[in-house]
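# Notes for the structure review
Here is what each chain is made of, one letter per residue.
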Amino acid sequence: MPIEKAVILSAGKGSRLLPLTADRPKCLIALSGRTLLDWQLDVLQAAGIGDIVVVTGFRDHLVDAVAARRTGVRTLFNPFYHVADNLGSVWMARAEFDRDLLLLNGDTLVSGPLLARVLAAETGPIAVTVDEKEDYDADDMKVLREGDRLLRIGKALEPGRYNAESIGLLAFRGEGPRSFVDGVERMMRSPEGTRRWYLRAIDALAQAGAEIRTVSIGGEEWQEVDFPEDVEKAEALTARWAKAS
């Protein structure tokens, strides 16, 4: 069955984009006449994703207003957004992992063709979307693969021990949602749980032998919006998409 549900993690403040995010969450910064969130919702809904849950936090009422204008979009408030990392947002949304679904970071723009490749890919229960490049920096979420199987994922992987980066889009099918939520529950019960990224749970599953695949989208368009220079790149990318639509 096709994936028809998505969870978007948009609870954070986006402090690295100040002053742009002083009075609005990162997902509501304007890019070529639309908010980042609207660009995400447009591409998801165009691909047939009819049930979208946006996990909110900072200035949640502003995101609620965007969701209210659309059919099939709901919000879920994470009251711990200011003290927990995004593992906490996934934990808050754990009941939503009740069927096949996508998980998308709230600061990742993806094109329609890229999303189509992810949805069409024949993968196992958990699939991490990856891209490749010549050099990786400290902020990249690095991935070590063997074929299309994910062996490790994390920002602090040792030099030479990675060959791709996660773009912030995962697909869960079959037993994948339950397996992932179980891993998140275990990590949240650890002393450092609230300070972890949800991809630490993916890394732990991979190291325990779980079947986690990667989908390479080399050549497709996407952009993470995390730093001021990313905003310029996202503006150029969305301007091109707007012109082509």
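Here, the structure is the one placed above.
When helices and strands are counted, the protein shows 7 helices and 13 strands. In terms of C-alpha radius of gyration, the protein reaches 17 Å, essentially the compact-globule figure of 18 Å for 245 residues. C-alpha extents for the protein along the principal axes are approximately 45 × 35 × 35 Å. Counting the 245 residues in the protein, one finds 51% classified as buried. Carbon and sulfur atoms make up 50% of the accessible area of the protein, which totals about 11200 Å². Charge centroids of the protein, computed over 31 positive and 38 negative side chains, lie 3 Å from each other.

Summed over the entire model, instances satisfying the criterion amount to 25 salt bridges. Residue glutamate 220 is joined to arginine 117 by a salt bridge in which the shortest nitrogen-to-oxygen separation is 3.2 Å. You can see glutamate 220 sitting in the loop between β12 (212–216) and β13 (222–224) and its partner arginine 117 sitting in helix α4 (residues 112–120), a full 103 residues away along the chain. Judged by its relative accessible area of 33%, arginine 117 is partly exposed. One continuous salt-bridge network, built from bridges that share partners, spans Lys5, Asp51, Arg74, Glu96, Asp98 and Arg99.

Right, let's talk about the packing of aromatic side chains for a bit. Following the criterion strictly, the structure yields 6 aromatic pairs and no others. With a centroid separation of 5.5 Å and 80° between ring planes, the pair formed by tyrosine 136 and tyrosine 162 is classed as edge-to-face. Of this pair, tyrosine 136 sits in the loop between β8 (126–131) and β9 (142–146) while tyrosine 162 is found in the loop between β10 (149–154) and β11 (164–172), placing the two residues 26 residues apart along the sequence. This pair shows no difference in class: tyrosine 136 is buried, exactly as tyrosine 162 is. An angle of 80° between the planes, with centres 6.3 Å apart, marks the rings of phenylalanine 180 and tyrosine 198 as edge-to-face. On the criterion of sequence distance, the pair formed by phenylalanine 180 in helix α5 (residues 176–188) and tyrosine 198 in helix α6 (residues 198–207) is long-range, its members being 18 residues apart. On the basis of relative accessible area, tyrosine 198 is assigned to the buried category, the value being 1%. Three or more aromatic residues joined by ring pairs form one cluster here, namely Phe97, Phe172, Phe180 and Tyr198.

What counts and how
- Residues numbered from 1 in each chain as written.
- Predicted model: local features only at pLDDT ≥ 70, side-chain atom pairs only at ≥ 80, totals over all residues.
- Heavy atoms only, no water.
- Helix = DSSP H or I, 4+ residues; strand = E, 2+ residues; numbered from the N terminus.
- Rg over C-alpha atoms; globule rule 2.2 N^0.38 Å.
- Buried < 20%, exposed > 50% of the residue type's maximum accessible area, 1.4 Å probe, protein only.
- Areas by Shrake-Rupley, 256 points an atom, 1.4 Å probe, with all protein chains shown as cover.
- Lys, Arg positive; Asp, Glu negative; His and termini not counted.
- Charge placed at Lys NZ, Arg CZ, Asp CG, Glu CD.
- Salt bridge = Lys/Arg side-chain N within 4 Å of Asp/Glu carboxyl O.
- Phe/Tyr/Trp six-rings, centres within 6.5 Å; stacked < 30°, edge-to-face > 60°.

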